[in-house]
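Summary of the model geometry
Single-letter residue listing:
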Amino acid sequence: MAVLRAIEGARSTTTAIDPLWTMPGHLARSGPLTSSVAHLVENARQSVTCSTFNFQRSSGLWSALRTAALRPEISVRVYVDRKAAEHAGSPSTAEVAAHVRPAVVLRTRAFDGGYVRNHAKFLAIDHRFLLVTSANFSWSAEHGNVELGVLADNANLVQVIESEMRRVEEALYERVTP
């Protein structure tokens, strides 16, 4: 019984949770701003998992992901929505894959005869930090909109989310080659 309690205690972690905001005029007073997300990615040591509806080249995350992907010690995995990337002004999924090469980029595909929309917007950093946000990765979402996210420091939660995404990859996503 003592061993089981020790294992349980080792697996339990305290979770630090902070709000992450975007507001015009930087009116938010609690927590960091969405524009600081690029800094999280730039400081990654092991891994970055990113899921978004769409990217814009104007996003600070756009260049931060490229920088992270070029570092050989960082594993980068990106999930994007196929149809959102087809809109004018958005980089295509092939452009995203070329931009963050050698990262793994996956786009949604048809499932059960219908279109799957990737609307999960999150970043997992170093299998430890998790940002779940309403913001897409664009300049307006990082600087002008009203957006709310939650930044958690909880390795157990990140492990569950990353595992779940990997588990459904074959059914819902396809790998993009640049």
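An account of the accompanying structure is given in this report. (Residues numbered from 1 in each chain as written. Predicted model: local features only at pLDDT ≥ 70, side-chain atom pairs only at ≥ 80, totals over all residues. Heavy atoms only, no water.)

Bringing the packing of aromatic side chains into the picture now. On inspection of all chains with the given rule, the structure shows three aromatic pairs. Aromatic pair tyrosine 79 and tyrosine 173: ring centres 5.0 Å apart, planes at 65°, arrangement edge-to-face. Of this pair, tyrosine 79 sits in strand E3 (residues 75-80) while tyrosine 173 sits in strand E8 (residues 173-175); the two residues are 94 residues apart in sequence, bridging distant segments of the chain. With respect to class, tyrosine 79 is no different from tyrosine 173; both count as buried. An aromatic cluster is built from Phe55, Trp62 and Phe137, whose rings are joined through pairwise contacts. The residue whose ring lies beneath lysine 83 is tyrosine 115, and the NZ or CZ to ring-centre distance is 4.3 Å. (Phe/Tyr/Trp six-rings, centres within 6.5 Å; stacked < 30°, edge-to-face > 60°. Helix = DSSP H or I, 4+ residues; strand = E, 2+ residues; numbered from the N terminus. Buried < 20%, exposed > 50% of the residue type's maximum accessible area, 1.4 Å probe, protein only. Lys NZ or Arg CZ within 6 Å of the ring centre and 35° of its normal.)

For helix H3 (residues 60-70), the full list of buried residues reads Leu61, Trp62, Ala64, Leu65, Ala68 and Ala69. On the buried face of H3, the contacting elements are helix H2 (37-42), strand E2 (47-51), E3, helix H4 (93-99), strand E5 (122-125) and helix H5 (139-143). Among the residues of H3, the N-terminal cap falls to serine 59, whose side-chain oxygen and the backbone nitrogen of leucine 61 are separated by 3.0 Å. (Contact = heavy atoms within 4.5 Å. Polar contact = N/O pair within 3.5 Å; in protein donor to acceptor, adjacent residues only side chain to side chain.)

Looking at where leucine 65 falls in the secondary structure, it is placed in helix H3. As for leucine 65 and proline 24, which are separated by 41 residues in sequence, their C-alpha atoms are 25 Å apart. Leave out the neighbours within four places in its chain, and leucine 65 touches Val41, Val48, Cys50, Phe55, Val76 and Val100.

Across the two faces of E5 the burial is the same, with Phe122 and Ala124 and Leu123 and Ile125 all buried. In this sheet, E5 lies alongside E2 in antiparallel orientation, the contact comprising four bridges. Residue pairing for E5: valine 48 is matched across the bridge by isoleucine 125. Where E5 meets strand E6 (residues 129-133), four bridges bridge the pair, whose relative direction is antiparallel. Its bridge partner lying in E6, isoleucine 125 is registered against phenylalanine 129. The hairpin formed by E5 and E6 contains three residues between the paired strands, and aspartate 126 there has a positive phi angle of roughly 55°. (Pairing = 2+ DSSP bridges.)

Another point: the pairing of E2. Counting buried residues in E2 gives five out of five residues, a clear majority hidden from the surface. The alternating pattern of E2 places Ser47, Thr49 and Ser51 and Val48 and Cys50 on opposite faces, both of which are buried. Relative to E3, E2 runs parallel, the two sharing five bridges. Looking at E3, one finds that cysteine 50 is bridged to valine 78. Taking the sense of rotation as the criterion, the β-α-β connection linking E2, H3 and E3 turns out right-handed. (Right-handed = clockwise from strand over helix to strand, strands pointing away.)

Moving on, we get to the nonpolar core. Grouped together as the largest cluster of nonpolar side chains are 29 residues, with contacts concentrated most on Val41, Val48, Phe55, Leu61, Leu65, Val76 and Leu123. Of all the secondary-structure elements, those providing two or more residues to this core are H2, E2, H3, E3, H4 and E5. (Core = buried A, V, L, I, M, F, W, Y, C linked by side-chain atoms within 4.5 Å.)

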